[in-house]
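Here's the letter readout for the chains.
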Amino acid sequence: MIDVTEQINNVRRTLGDRILEAGAARVLTISQVYDTDLDDMWDVVSNPERIARWFLPVSGDLREGGKYQFEGQAGGTITRCDKPLSVAATWEFGGQVSWVEVRLTPEGDGRTRFELEHTAPIDEHWDRFGPGAVGIGWDMAVWGLANHLAAPDVPLDKDAAMAWMVSADGKRFMKLSSDAWAAADLALGTDPADVDRRAAATFAAYTATE
């Protein structure tokens, strides 16, 4: 398993603004360069069997216009597919709709940059938790992707993944991710007190136990 601190440092995170028909939104972008070529990376993000090895099991019609559903998570509609460079979809969960786009860019020497953009409306949930609410989840996804590419034939062990999330190492990962997204929020110009409040609320929500 890849070192937690190394993984956090390998990831690029940015936060920006966007105006939608429904109002103001925030755009989170997370990216990492991996040691695999463009065709293999496209298979990683489009093949249901491989998606389940680094993210979650997915069902549905994985083509433009099709509906998809991640097990226990979001579903939606694939709105655009530009093989092997990008795919965009709605991200529908808990009665809320946001939008995701994955872009793949060759980086030379057989490497590929995976970049995911998540556009979310500014609402009560955002005001309470800030970017870490989805950012930590995406950090875990790109870490899962890194581990998958390091050992592509090893299936994801769901029980082991859940146990890791509540371990000291898992909590340290989430704290480092929360801090990184707080830094992106601060760089956007958010009031430091709001940044600290949101980051604390998000970390508490991710590490809460029954």
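Worth saying up front: this structure is predicted, and the values here are computed from it rather than measured.

Cut-offs and rules
Residues numbered from 1 in each chain as written. Predicted model: local features only at pLDDT ≥ 70, side-chain atom pairs only at ≥ 80, totals over all residues. Heavy atoms only, no water. Salt bridge = Lys/Arg side-chain N within 4 Å of Asp/Glu carboxyl O. Helix = DSSP H or I, 4+ residues; strand = E, 2+ residues; numbered from the N terminus. Buried < 20%, exposed > 50% of the residue type's maximum accessible area, 1.4 Å probe, protein only. Polar contact = N/O pair within 3.5 Å; in protein donor to acceptor, adjacent residues only side chain to side chain. Contact = heavy atoms within 4.5 Å. Core = buried A, V, L, I, M, F, W, Y, C linked by side-chain atoms within 4.5 Å. UniProt positions renumbered as here; feature names shortened; annotations may be inferred. Axes fitted to C-alpha atoms, helices over the stretch in contact; angles between N-to-C directions. Parallel < 35°, antiparallel > 145°, perpendicular 65-115°, else oblique. Left-handed = near helix turned anticlockwise from the far one by under 90°.

### Some points on the pattern of salt bridges
Right, on to step 1. Taken as a whole, this structure holds 19 salt bridges when the rule is applied.
Right, on to step 2. Note that Arg 50 is salt-bridged to Asp 40, the shortest N-O span being 2.6 Å. With Arg 50 in helix H3 (residues 48-54) and Asp 40 in helix H2 (residues 38-46), this pair connects stretches of sequence that are 10 residues apart.
Right, on to step 3. Given a relative accessible area of 11%, Arg 50 falls into the buried group.
Right, on to step 4. Overall, Asp 40 belongs to the partly exposed group, its relative accessible area being 24%.
Right, on to step 5. Put simply, Arg 18, Arg 80, Glu 101, Arg 103, Glu 115 and Glu 117 are held in one network by salt bridges that share partners.

### Remarks on the side chain of Arg 113
Right, on to step 1. On the secondary structure map, Arg 113 appears in strand E8 (residues 111-121).
Right, on to step 2. A distance of 2.9 Å separates a polar atom in the side chain of Arg 113 from a polar atom in the side chain of Ser 31.
Right, on to step 3. In contact with Arg 113, not counting residues within four places along its chain, are Arg 12, Ser 31, Gln 32, Val 33, Arg 103, Leu 104, Thr 105 and Glu 107.

### So, the nonpolar core
Right, on to step 1. Judged by nonpolar contacts, the single largest core of 35 residues is most densely connected at Trp 54 and Phe 114.
Right, on to step 2. At six residues, the largest contribution of residues to this core is made by helix H5 (residues 132-150).
Right, on to step 3. With residues near it in sequence (within four places) discarded, Trp 54 still touches Val 44, Val 45, Phe 114, Ala 141, Gly 144, Leu 145 and His 148.
Right, on to step 4. Listed in part, the eight residues of the second largest apolar core include Ile 8, Met 140, Phe 173 and Met 174.

### A word on the UniProt feature "domain: Activator of Hsp90 ATPase homologue 1/2-like C-terminal" (unreviewed entry) in the protein
Right, on to step 1. Per the UniProt record, "domain: Activator of Hsp90 ATPase homologue 1/2-like C-terminal" (unreviewed entry) is annotated on residues 36-146.
Right, on to step 2. Spanning residues 36-146, this segment combines 33% helix with 42% strand, and its end C-alpha atoms are found 10 Å apart.

### Some remarks on the packing of helix H7 (residues 168-187) against helix H8 (residues 192-207)
Right, on to step 1. It is the contact of H7 with H8, at a shortest axis distance of 9 Å, that shows an interaxial angle of 155°. Judged on the interaxial angle alone, H8 and H7 are roughly antiparallel. In this structure, H7 meets H8 at a crossing whose hand is right-handed. Residues Lys 171, Met 174, Lys 175, Ser 178, Ala 182, Asp 185 and Leu 186 of H7 form the contact with H8, whose own contacting residues are Pro 192, Val 195, Arg 198, Ala 199, Phe 203, Tyr 206 and Thr 207.

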